[in-house]
Amino acid sequence: DPALRQQFQSVIGSLLYLMLGTRPDIAFAVTKLAQFAANPSEDHLKKALYICRYLVGTKDYCLTYDGTSGGGLTAYTDSDWGSDPTTRRSQTGYFLKLADGVVSWTSRAQKTTAHSSTEAEYMALSDCSRQVAWVHQLFGELGYHLSAIPVIGDNQGSLFMAQNPVTEARSKHIDIRFHYIREMVERDIVELFYIDGNENPADLLTKNLGHVKFEKFRGLLGLYFS
């Protein structure tokens, strides 16, 4: 239905604008629906309008930055292994916080299929490290010479692979570009830390969450009622 497709693309385009600018809490839902922009169904449009109703109810929420908090640059990363039922590709989600508010965030499907949850998390770590390296360089050009930026993930296996650059059965097939994280660790641009999966706010960017956990992680992104 051309009329349905045009309406759906118009709604999704508006939602993408909001998501990229000030609303990281809708990043996963919007990017997931955007995958159906070429041939949407009536159900897809209803779900897009559901996001609009959520935004109407939370229109007074805004990103809040607290310069007195002492909250330096920190990155959180997560992935949802094999979440796409069609391609079995995983979902990557990560964000960077400064002054207790997010300044950069991403939610997208991975470009290749991961063979395990550890591999999916490792690929997410690498994607996040590229953004961290860019921010590290940007601050350097502005005259702020930063130490290693903490990157926090919830998979022990992927953190071990990133900090121990050895060739083994579970990593030798991984595309070379994903080993970029190892170089960032060696150059002290990135420092890796572990967080329990139930406490990782980047989970908000990889899957649908229950009401309680969603509101908890939304606050950790720095989104508050103004």
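Here, every reference points to the structure presented above.
My aim in this report is to walk through the structure given alongside it, one point at a time. (Residues numbered from 1 in each chain as written. Predicted model: local features only at pLDDT ≥ 70, side-chain atom pairs only at ≥ 80, totals over all residues. Heavy atoms only, no water.)

Along the chain, the regular secondary structure elements total 7 helices and 7 strands. N-terminal to C-terminal, the α/β element order of the chain is α-α-α-β-β-β-β-α-β-α-α-β-α-β. A compact globule built from 226 residues should have a C-alpha radius of gyration of about 17 Å, and the chain, at 18 Å, falls within 12% of that. Overall, the chain is about 55 × 45 × 35 Å in size when its C-alpha atoms are taken along their principal axes. Taken across its 226 residues, the chain has 46% of its residues classed as buried. Counted over contacts in the chain with a minimum sequence separation of 6, partners at least 24 positions apart contribute 70%. Carbon together with sulfur atoms contributes 55% to the accessible area of the chain, which is approximately 11,700 Å² in total. For the chain, the distance from the average position of its 22 positive side-chain charges to the average position of its 25 negative side-chain charges is 6 Å. (Helix = DSSP H or I, 4+ residues; strand = E, 2+ residues; numbered from the N terminus. Rg over C-alpha atoms; globule rule 2.2 N^0.38 Å. Buried < 20%, exposed > 50% of the residue type's maximum accessible area, 1.4 Å probe, protein only. Contact = heavy atoms within 4.5 Å. Areas by Shrake-Rupley, 256 points an atom, 1.4 Å probe, with all protein chains shown as cover. Lys, Arg positive; Asp, Glu negative; His and termini not counted. Charge placed at Lys NZ, Arg CZ, Asp CG, Glu CD.)

One recurring pattern in soluble globular proteins: nonpolar side chains tend to sit buried together. Within the largest apolar cluster, 29 residues are counted, with the highest numbers of intra-cluster contacts made by Phe 8, Leu 15, Ala 48, Ile 51, Phe 95 and Trp 105. At 6 residues, the largest contribution of residues to this core is made by helix H1 (residues 2-21). When sequence neighbours within four positions are dropped, the list of residues in contact with Ile 51 reads Leu 15, Ile 26, Ala 29, Val 30 and Leu 33. Judged by nonpolar contacts, the second largest core, of 27 residues, contains Cys 128, Val 135, Val 151 and Ile 189. (Core = buried A, V, L, I, M, F, W, Y, C linked by side-chain atoms within 4.5 Å.)

The next point concerns the pattern of salt bridges. Summed over all chains, the structure comprises 8 salt bridges. Close ionic contact of Arg 130 with Asp 127 constitutes a salt bridge, the shortest N to O distance being 2.2 Å. Of this pair, Arg 130 and Asp 127 both sit in helix H4 (residues 117-141), 3 residues apart, which is roughly one turn of that helix. A relative accessible area of 9% means that Asp 127 is categorised as buried. A single salt-bridge network, built from bridges that share partners, covers Arg 108, Asp 127 and Arg 130. (Salt bridge = Lys/Arg side-chain N within 4 Å of Asp/Glu carboxyl O.)

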